[in-house]
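Residue-level structure breakdown
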Amino acid sequence: MCPVSAVTKALVVAKHKKPKDPAFCYPSPPKSSNFVALTHPTFVTKLKSLASKVGLNPDKVSGHSFRRGGATFAFGLTQNHSLIKICGGLA
């Protein structure tokens, strides 16, 4: 799946339509029309909770897991070390 396409589709179907709303947000409280920004701590807490629910060790899952997985996926597509370094902010 193309990350750009996935984010574009997510923004199209998102219920928050105000131009100043954060790109990644969620209703708080649930099912309300009040949206709050999805912060890194909130994301990691939810990720660990979901990992635990599916039987994974939450201590072995982090936000960094996506960076590593993304780099591995990109390398499988391009095998271009320079591009992967640029995308990861390492160049």
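Each value, and the rule that gives it
Residues numbered from 1 in each chain as written. Predicted model: local features only at pLDDT ≥ 70, side-chain atom pairs only at ≥ 80, totals over all residues. Heavy atoms only, no water. Helix = DSSP H or I, 4+ residues; strand = E, 2+ residues; numbered from the N terminus. Rg over C-alpha atoms; globule rule 2.2 N^0.38 Å. Buried < 20%, exposed > 50% of the residue type's maximum accessible area, 1.4 Å probe, protein only. Contact = heavy atoms within 4.5 Å. Areas by Shrake-Rupley, 256 points an atom, 1.4 Å probe, with all protein chains shown as cover.

Our next topic: the overall build of the protein chain. Along its length, the protein chain carries four helices and two strands. When the helices and strands of the protein chain are placed in sequence order, the string is α-β-β-α-α-α. Relative to the 2.2 N^0.38 estimate, which gives 12 Å for 91 residues, the radius of gyration of the protein chain is 16 Å and therefore markedly larger than a compact globule would have. Seen along its three principal axes, the alpha-carbon backbone of the protein chain occupies a region of about 45 × 35 × 20 Å. Expressed as a percentage of its 91 residues, the buried residues of the protein chain come to 11%. Partitioning the intrachain contacts of the protein chain with sequence separation of at least 6 by distance along the chain shows that 2% fall at a separation of at least 24. As displayed, the protein chain has an accessible area near 7,400 Å², and 65% of this comes from carbon and sulfur atoms.

Here we come to the environment of Pro41. Summarising the element assignment, Pro41 is placed in helix H2 (residues 40-53). For the pair Pro41 and Gly63, spaced 22 residues apart in sequence, the C-alpha to C-alpha distance is 9.2 Å.

A word on the environment of Lys9. Assignment of secondary structure puts Lys9 in helix H1 (residues 3-13). A relative accessible area of 58% places Lys9 in the exposed class. C-alpha separation for the pair Lys9 and Lys85, spaced 76 residues apart in sequence, amounts to 26 Å.

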